[in-house]
Amino acid sequence: MIDVRRLQLLQALEHHRTVAATAEALNVTPSAVSQQLAVLAREAGVPLVERQGRRFLLTGAARVLLQRAHVIFAEMERATADLAEYTGGDRGVIRVGSFSTGISDLVAPALARLRTSHPGWSFEVVQAEPEESAEMVRSGRLDVALTMSTRHLPAAGDPDFRVDPVMVELLDAILPYQHPLATRTSLHLAEDLSDQDWIMSAPGTAWHECVSGAANQAGFQPRVVHTVNDFSAVFSLVQAGLGIALMPRLAWTGLHAPQIVVRGVRETARRHIVALSRAGSTPEPLLTAVREAASKVPVPSVGPFAIAG
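1. What to know about the overall build of the protein chain
When helices and strands are counted, the protein chain shows 11 helices and 12 strands. Along the longest, intermediate and shortest principal axes, the C-alpha atoms of the protein chain span 75 × 50 × 30 Å. Taken across its 309 residues, the protein chain has 48% of its residues classed as buried. Relative to all contacts within the protein chain whose residues are 6 or more apart in sequence, the contacts with residues 24 or more apart total 77%. Here the protein chain holds 28 positive side-chain charges and 31 negative ones, and the gap between their average locations is 3 Å.

So, in structure tokens, the structure goes:
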């Protein structure tokens, strides 16, 4: 009988290419990976890996076995979901990962609601950025990840994952209260903001990629004068009149920052927030609760967002 956990390890080796990278992703030692692969080969009765220098290559037999792995793992997830329904929805601890603002505005309100509506469920929240969420779900360190549409999202049709849409998040202009554009009820991305001093995160981050992509599509490159990754630092710089920012809506909701206004932007950047889980899993009732929280995310008001007293 083939051990499914060792089969998952073989799948991880296919994905990461080396024993060292596989061990790091699964938080085990390289020797443990090698030992478990050897046991799996004995269970299968055929060689599954062959050494080439310092690398291990999958044999043809291993690839035949992995063709069935996606179906096996999906059926296991379905079996787990069926058992959860049979026992009244109590699946023990469900590990939920999300980027920080997703935790604040979506996950926390959703779990607060589920504590009442589904008292048998227990959740463990882990902060997980988009670039690491997929691998954490794949390896079982997370059951559900709230993530966004970046280049780190698994490709459409990836048999290892289930992707459920949650919301489309718009990015809004954050301006100093005395800024000439602050009196406008809405702004145009290129016409109004292309010649402004911009505050953005570092290249390679999800926020930077999203804003740069929208600006480039609108026909300009933002003139970045300050580079910070922390949203509270962005507010401080805007308050000081040192630039403007195009900020994800989830980043400014619930904050109270004096001398700042928030304005909607036509042709703005947007990103799709999704729930990522393993194929065959059932992310309910969390998915419904998160979507309800998303429906309550506020939009910019006509008046100032916050004014110093």
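Still to come is the rest of the account.
2. A short note on the packing of aromatic side chains
Scanning the model with the defined rule gives 3 aromatic pairs in all. For the pair tryptophan 198 and phenylalanine 220, a centre-to-centre distance of 6.1 Å together with 45° between the ring planes defines the contact as tilted. Of the two residues, tryptophan 198 sits in strand E8 (residues 197-200) while phenylalanine 220 sits in the loop between helix H8 (206-218) and strand E9 (223-227), which places them 22 residues apart along the sequence. For tryptophan 198, a relative accessible area of 1% translates into the label buried. Here the guanidinium or amino end of arginine 271 rests over the ring plane of phenylalanine 99, the centre of that ring lying 5.6 Å away.

3. Looking at the packing of helix H5 (residues 100-117) against helix H11 (residues 286-295)
Across the interface, H5 lies against H11 with an axial gap of 8 Å and an inter-helix angle of 120°. In terms of orientation, H5 and H11 fall into the oblique class. Relative to H11, H5 is oriented so that their crossing is right-handed. Judged by residue contacts, Asp105, Leu106, Pro109, Ala110, Leu111, Arg113 and Leu114 of H5 engage Leu286, Ala289, Val290, Glu292, Ala293 and Ala294 from H11. In terms of residue class, the contact of H5 with H11 is built from 10 nonpolar, no polar and 3 charged.

4. Quick look at the confidence of the model for the protein chain
Per-residue pLDDT for the protein chain averages 86, and the proportion of residues at 70 or more is 92%. The model gives residues 302-309 a pLDDT under 50, and that stretch makes 23 contacts with residues more than four places away or in other chains.

5. Side note on the pattern of salt bridges
Across all of its chains, the model carries 15 salt bridges by this definition. Among the salt bridges present, the one from aspartate 143 reaches arginine 278, with a minimum N-O distance of 3.0 Å. Here aspartate 143 is found in the loop between helix H6 (130-138) and strand E5 (144-148), whereas its partner arginine 278 is found in strand E12 (residues 270-278), with 135 residues between them in sequence. One exposure class covers both aspartate 143 and arginine 278, and it is buried. Here arginine 271 ties to glutamate 169 by a salt bridge, and the two come within 2.6 Å at their closest N and O atoms. Residue arginine 271 is found in strand E12, and its partner glutamate 169 is found in strand E6 (residues 161-176); the two are separated by 102 residues along the sequence.

Thresholds applied
- Residues take numbers from 1 onward in each chain, read along the sequence in its written order.
- Local features are withheld for residues below a pLDDT of 70 in this predicted model, meaning they are given only at 70 or higher, and side-chain atom pairs are given and counted only at 80 or more; totals for whole chains, interfaces and linings count all residues.
- No hydrogens and no water enter the side-chain calculation; it runs on all heavy atoms of the structure.
- Note on conventions: DSSP H or I runs of at least 4 residues are helices, E runs of at least 2 residues are strands, and numbering of each starts at the N terminus.
- Residue burial is assigned from relative accessible area. The probe radius is 1.4 Å, only protein chains are included, and a residue is buried under 20% of its type maximum, exposed over 50%, and partly exposed in between.
- Contacts were defined at the residue level, with two residues in contact if any of their heavy atoms lie within 4.5 Å.
- The sign given to each residue is positive for Lys and Arg and negative for Asp and Glu; His and the chain ends receive no count.
- Throughout, a charge is located at the NZ atom of Lys, the CZ atom of Arg, the CG atom of Asp or the CD atom of Glu.
- For Phe, Tyr and Trp, where Trp contributes only its six-membered ring, two rings pair if their centres lie within 6.5 Å, and the inter-plane angle classes them as stacked under 30 degrees, edge-to-face over 60, or tilted in between.
- Geometrically, a charge over a ring is one whose NZ (Lys) or CZ (Arg) sits within 6 Å of the ring centre while staying within 35 degrees of the ring normal.
- Only the stretch in contact is used when a helix axis is fitted, and all axes are lines through C-alpha atoms; the angle between N-to-C directions ranges over 0 to 180 degrees.
- Each angle gets one of four labels, with under 35 degrees taken as roughly parallel, over 145 as roughly antiparallel, 65 to 115 as roughly perpendicular, and the rest as oblique.
- Two helices crossing with the near one rotated counterclockwise from the far one by less than a right angle form a left-handed crossing, whereas a clockwise rotation gives a right-handed crossing.
- Under the grouping applied here, Gly and all other residues not named as nonpolar or charged are polar, the nonpolar ones being Ala, Val, Leu, Ile, Met, Phe, Trp, Tyr, Cys and Pro and the charged ones Asp, Glu, Lys and Arg.
- Residue-level confidence of the predictor is what pLDDT reports, using numbers from 0 through 100.
- Salt bridges are counted wherever a side-chain nitrogen of Lys or Arg sits within 4 Å of a carboxyl oxygen of Asp or Glu.

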